[in-house]
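Next come the chains, spelled out residue by residue.
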Amino acid sequence: MLVTGGAGFIGANFVHHLLGAYSDLRIVNLDKLTYAGSKSRLSGLPNAAHHHFVEGDIGDAELLAGLLRDFSVDTVVHFAAESHVDRSIEGPAVFVETNVLGTYNLLHCAKEYWLTEKRFAPHQCRFHHISTDEVYGSLEPTADAFTEQHAYQPNSPYAATKAGSDHLVRAYAHTFGLPVTLSNCSNNYGPRQHREKFIPTVINACLRRQPIPVYGDGSNIRDWLYVDDHCAGIDAIIRHGAPSGTYNIGGNNERSNIDIAGTICALFDDLLPEKGAHAPLISFVADRPGHDWRYAIDTGKIKRELGWEARESFSSGLRKTIEFYRQGGGKT
Ligand code: NAD
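Residues numbered from 1 in each chain as written. Predicted model: local features only at pLDDT ≥ 70, side-chain atom pairs only at ≥ 80, totals over all residues. Heavy atoms only, no water.

### Comments concerning the packing of helix H1 (residues 9-21) against helix H7 (residues 227-240)
The following threshold applies: Axes here mean lines fitted to C-alpha atoms, for a helix over just the part in contact, with angles spanning 0 to 180 degrees between N-to-C directions. Working definition: helices are DSSP H or I runs of at least four residues, strands are E runs of at least two. Numbering for both runs from the N terminus. Roughly parallel covers angles under 35 degrees, roughly antiparallel covers those over 145, roughly perpendicular covers 65 to 115, and oblique covers all other angles. Here a crossing is taken to be left-handed if its near helix is turned anticlockwise relative to the far helix by less than a right angle, and right-handed if that turn runs clockwise. Contacts are assigned to residue pairs with any non-hydrogen atoms lying within 4.5 Å of each other. Polar here means any residue other than Ala, Val, Leu, Ile, Met, Phe, Trp, Tyr, Cys and Pro, which are nonpolar, and Asp, Glu, Lys and Arg, which are charged; Gly is therefore polar.
At a minimum axis distance of 9 Å, the contact between H1 and H7 shows a crossing angle of 65°. In terms of orientation, H1 and H7 fall into the roughly perpendicular class. The hand of the H1/H7 crossing is right-handed. On H7, the residues touching Phe9, Ile10, Asn13, Phe14, His17 and Leu18 of H1 are Val227, Asp228, His230, Cys231, Ala232, Ile234, Asp235 and Ile238. Considering only residue class, the contact of H1 with H7 consists of nine nonpolar, three polar and two charged.

What follows is the structure in structure tokens.
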């Protein structure tokens, strides 16, 4: 299996998850180690001898062709991306380069190796693309959650480049017969997330007793999923998903940002009562331009077809995440 972006938050958790679950699996992990990537996330891997790390760019066709051939790769799981919405507003170019052109490059190399060179039958290879619920745009307060049929209406440069990559994946399946699956997931949280993202920001502000920045009035709603549950969902899709199947993955756990910040503060009040109340640290900051108001995921399809559903409760997942950062994790 070639995993791209496996030194990032979800990719690294996925590599830990899979190597712990399957003793016969071998993983080649290709990551450019941008500001978001860190090999420290890969320390303590189970079955580490079955993991081979390569520092490199998904935009490098020669490197990709060599890896596919040298390691006889039959499965690609594609996480590598620029992933932070705020950064996509400040500098969208690298999002187009990595998320759109990089994904094209990977698709092209997989097609050349699997379909032209090896002449694999569809059941012999699989390209799984990791995407986001942000491609669907924003929901009104009472609107139904996103199903897989929801129209694409990406609003941020990040979401637009992920939507572009999703379309390319579909096109490679439809036009060339590349065996693909695709998943659109809601917000992940858990150990090993970069400190710039919302939940680690709140946790680290509580740990340091610094202001907790919350955009606007904090009413924006996201669905939150514990990262291990996402990894289990991806694994189920790769193994049992329908050809060209696309699956929404979510936690049935819609929360406003202010609710999340308040919940984390309350957990810290229990954990560190001697430090006093944490909620007064919450500080509202100017909203992000074009900030989507609400995302919600309908997980009916993956539950019906693959029997997957989220297992971790939000409070236990948050406790594990807080413990990770309390122990000094996430210093990337
Ligand atoms: P991340 O930013 O933590 O990790 C991205 C990884 O990709 C980093 O290790 C980085 O070094 C690597 N990378 C970036 N550009 C590269 C390139 N050109 N070549 C090779 N490697 C490169 O991101 P994440 O939060 O782990 O997200 C992983 C995937 O999941 C992304 O595709 C993202 O769109 C998607 N996703 C994330 C979330 C979430 O809540 N974090 C939710 C839904 C979907």
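### Digging into the site of the ligand
To keep things clear, this is the line we draw: Nearness of a residue to a molecule or strand requires only that one of the residue's heavy atoms be within 4 Å of it. Residues adjacent in sequence count toward polar contacts only when both atoms are side-chain atoms; beyond that, a polar contact is any pair of N or O atoms within 3.5 Å, and within protein one must be able to donate a hydrogen and the other to accept it. Values of accessible area rely on a 1.4 Å probe in the Shrake-Rupley scheme; residue burial ignores everything except the protein chains shown.
Taken together, the neighbourhood of the ligand is formed by 28 residues, with Ile10, Asp31, Ser83, Tyr158 and Lys162 sitting nearest. In this structure, Ile10 approaches the ligand through a main-chain N or O atom, which is 2.8 Å from an oxygen atom. Interatomic distance of 2.6 Å between a side-chain N/O atom of Lys162 and an oxygen atom of the ligand. Isolated, the ligand exposes 830 Å² of accessible area, and the fraction of that covered by the protein chains is 96%. Listed by contribution, the elements that provide at least two residues to the shell around the ligand are H1, strand E5 (126-132), helix H5 (157-176) and strand E7 (187-189). With three residues, the single largest contributor to the shell around the ligand is E5. A class-by-class count of the residues in the shell around the ligand yields twelve nonpolar, twelve polar and four charged.

### Structural notes on helix H8 (residues 257-271)
Definition in use: A helix is expected to span 1.5 Å multiplied by its residue count minus one.
The terminal C-alpha atoms of H8 lie 21 Å apart, and with 15 residues this matches the ideal 21 Å at 1.5 Å per residue to within 8%. The inward-facing, buried residues of H8 contact helix H6 (198-208), strand E8 (212-215), strand E9 (221-226), strand E11 (254-256), strand E12 (282-285) and helix H10 (314-326).

### Quick notes on the sheet that holds strand E10 (residues 246-249)
How we decide: The pairing criterion for strands is at least two bridges between them, as found by DSSP.
Strand order in the open sheet formed by seven strands is E3-E2-E1-E4-E5-E6-E10, with parallel pairing between adjacent strands. In this open sheet, the two strands that pair with only one neighbour each are strand E3 (51-55) and E10. Neighbouring strand axes in the sheet, compared pairwise and without regard to direction, differ in orientation by 20° on average. Bridge analysis of strand E4 (residues 75-78) against E5 gives four bridges, and the strand direction is parallel. In the strand pairing of E5, Thr75 is matched with Arg126. Along the sheet, H1 makes contact with strand E1 (2-4), strand E2 (27-31), E3 and E4, crossing E2 at roughly 175°. Across the sheet, helix H2 (residues 61-70) touches E1, E2, E3 and E4, and the angle it forms with E2 is around 170°.

### Structural notes on the side chain of Asn188
Topologically, Asn188 is positioned in strand E7. One polar contact links the side chain of Asn188 to the main-chain carbonyl oxygen of Ser186, over a distance of 2.9 Å. Within the local environment of Asn188, its side chain forms a polar contact with the side chain of His230, the two groups lying 2.7 Å apart. Not counting the four nearest positions on each side in its chain, Asn188 is found in contact with Phe9, Ile10, Gln193, Trp224, Leu225, Val227 and His230.

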